[in-house]
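# Examination of the molecular architecture
Chain by chain, the residues:
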Amino acid sequence: MFLSSENNKGPFYKTTAFRLIVLLAFLQLIIALFTNTLTFTHEESMWHYIGRNWFRHGLTPYQGGIDNKSPFLYAIYGLSDWLFGINYWFPRIIGIIVQSIGIYYIYKIAYRYAWEKTNQHAEHAGLFAISIYGLSLLWRTTGGKLVSFTETYATALVIISFYKCLSATNNKHYFISGILAGLGIGCRFSAVFGTMAVFIMVLRKNWKGALLSGAGVMTGCLLMAGLIELSGIHVRDFLFYGFADNFGQGSTTDFSWEYKLDQFFNNFFNSELILFYPFIIGYILITKKLDHLLVWLLCTFIGINVLGLYARPHFKELLPAFSLTAALCLSHLTAQYKLSFKGLMIIVWICFFPKTLEPFWGLRKTFKSVIIPPKAFCDNPTTITDEEAERRLGKWIKTVTINTDLVYVAGYGARVQLYSERVSPALYFNITQNNYSKAQIYKDLENKPPALIAIPVFSSYKAWVDQDVRDYIDKLVTDQYVFENCLYGYGIYRRKSK
């Protein structure tokens, strides 16, 4: 029934769906490439640096730089550097393509769901889903320009897994669904919460299918683990640096409950996400049961709160279930109350369209050179340096060092490190401040003293970096280095000649 219904969709709706996905991909391209500041984000700088060390210098992830991401992501940035040198557009375009595939499967899920429940207006549900999901991905609240992050890949795989499970007609389909979810977990551990929703759906439908789905998840995880080992990376390193190293005092998740509570209310109630809440309430009133979509919504909501960082890209994992419930609620309104589909679609686009002018400033910046005096952030040390200044400092460091020189940028200077095209002596080249990482930083700096050290002079450096780390670096430059200059908010120290 379902297959025949999808094959008999009118050409108008097929064409409209395709055009909407292309339009949303174009809008995403503008957001991703032209939103200020036309440089790498801090996180992208880390991943490109690690990927470049892997592809250019043979230093595999966790041996040529440490961050808490999957080697899969570093491979994308390493390939990007190998093909095109330092650039941020290639990984973002790949992310847009993957995200667009996810939008297509959101359309298919909405269509199938609506046909099953009402046997009519399924096309409307699909088009509403494309619009709501595609537009909400562009919001700043959900990391609109951060399309190259792991959430994009993990979420797309979970979406496809959900659809394969929903449309399954035999146990083989459940196994394939599980493999896709397992690959999603390999891209990002938080995909386990979306995978839980898929597994619960299979369990409700077919307990034998649930066994095969679980086997598929294990297969997907083992496949990703095998690829990691074959690339020369130990899975135990991935599990430690990608998971275990992110918890405990001084880790990336070490925030007070007051901070987490403030971030929770700020993101869930002081953002565009409030647009979804009336539709979610409406969907609950319509369905009157905890169906598969509401289970998916609940699982991903729990996942975001368990992690507790409330970083903007994390909300991408909530959007599929949010968008589907909203689309099906609107589809119900068009069917039950004979409301105008076109009128509601116009309202959706007005309400959900991203309210930002950043791309216009980014376009303006491409045609207007920005003058940043090298001493601008040195003369006023209370002012934090900006992304463009860090890019220029990195390029300057490249001109005054040679390829074999090691360069250490103190604090959170991954962007400077990237643009310098020099290797850091520290595996934790971007400060992580648990006891293990601190000991590793001290060991690396002692065993491989860099030719040049750059230390921020702006006041926030003291707020960001623990006193003991700053004291160690200060003593190091006092004993073994000579101050050379202050440029773009960083003091430059050159190692003394022996």
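Heads up: these notes are all about the structure in this document. (Residues numbered from 1 in each chain as written. Predicted model: local features only at pLDDT ≥ 70, side-chain atom pairs only at ≥ 80, totals over all residues. Heavy atoms only, no water.)

## Observations regarding the state of the cysteines
Applying the stated criterion across every chain, the model contains one disulfide. Residue Cys378 pairs covalently with Cys486 via a disulfide, S to S 2.0 Å. With the S-S dihedral at roughly -95°, the linkage between Cys378 and Cys486 falls on the left-handed side. Of this pair, Cys378 sits in helix α18 (residues 376–379) while Cys486 sits in strand β3 (residues 481–487); the two residues are 108 residues apart in sequence, bridging distant segments of the chain. No disulfide involves Cys187; its sulfur sits 10 Å from the nearest other cysteine sulfur, which is in Cys221. For Cys187, a relative accessible area of 6% corresponds to the buried category. Cys329 supplies the cysteine sulfur nearest to Cys351, a cysteine that is in no disulfide, at a spacing of 14 Å. The exposure class assigned to Cys351 is partly exposed, which follows from its relative accessible area of 35%. (Disulfide = S-S within 2.5 Å. Helix = DSSP H or I, 4+ residues; strand = E, 2+ residues; numbered from the N terminus. Buried < 20%, exposed > 50% of the residue type's maximum accessible area, 1.4 Å probe, protein only.)

## A word on the pairing of strand β4 (residues 490–495)
Two elements, strand β2 (residues 452–456) and β4, share five bridges in a ladder whose sense is antiparallel. Within the sheet, the bridge partner assigned to Ala454 lies in β4 and is Ile492. Remark: two residues form the turn of the hairpin made by β3 and β4, two consecutive strands paired antiparallel; Tyr488 in that turn has positive phi of roughly 50°. (Pairing = 2+ DSSP bridges.)

## Description of the nonpolar core
Ile109, Ile130, Phe268, Leu273, Phe276, Trp296 and Tyr408 are the most contacted members of the largest nonpolar core, which totals 147 residues. Residue contributions to this core peak at 11 residues, all from helix α7 (residues 150–166). With residues up to four places along the chain from it excluded, the contact list for Phe276 reads Ile132, Ser136, Trp139, Leu319, Phe322, Ser323, Ala326 and Phe352. (Core = buried A, V, L, I, M, F, W, Y, C linked by side-chain atoms within 4.5 Å. Contact = heavy atoms within 4.5 Å.)

## Overview of helix α16 (residues 341–352)
Along its 12 residues, α16 runs 16 Å from first to last C-alpha, staying within 8% of the 16 Å computed at 1.5 Å per residue. Looking only at α16, the buried set comprises Phe341, Leu344, Met345, Val348, Trp349 and Phe352. Angular distribution of buried residues about the axis of α16 spans 140°; they occupy a single face of the element. Turned more than 90 degrees away from the buried face of α16, the exposed residues are Lys342, Ile346 and Ile350. Structurally, the start of α16 carries an N-cap: the backbone nitrogen of Lys342 is 3.5 Å from a side-chain oxygen of Ser340. (Expected span 1.5 Å × (residues − 1). Arc of directions from axis to C-beta. Polar contact = N/O pair within 3.5 Å; in protein donor to acceptor, adjacent residues only side chain to side chain.)

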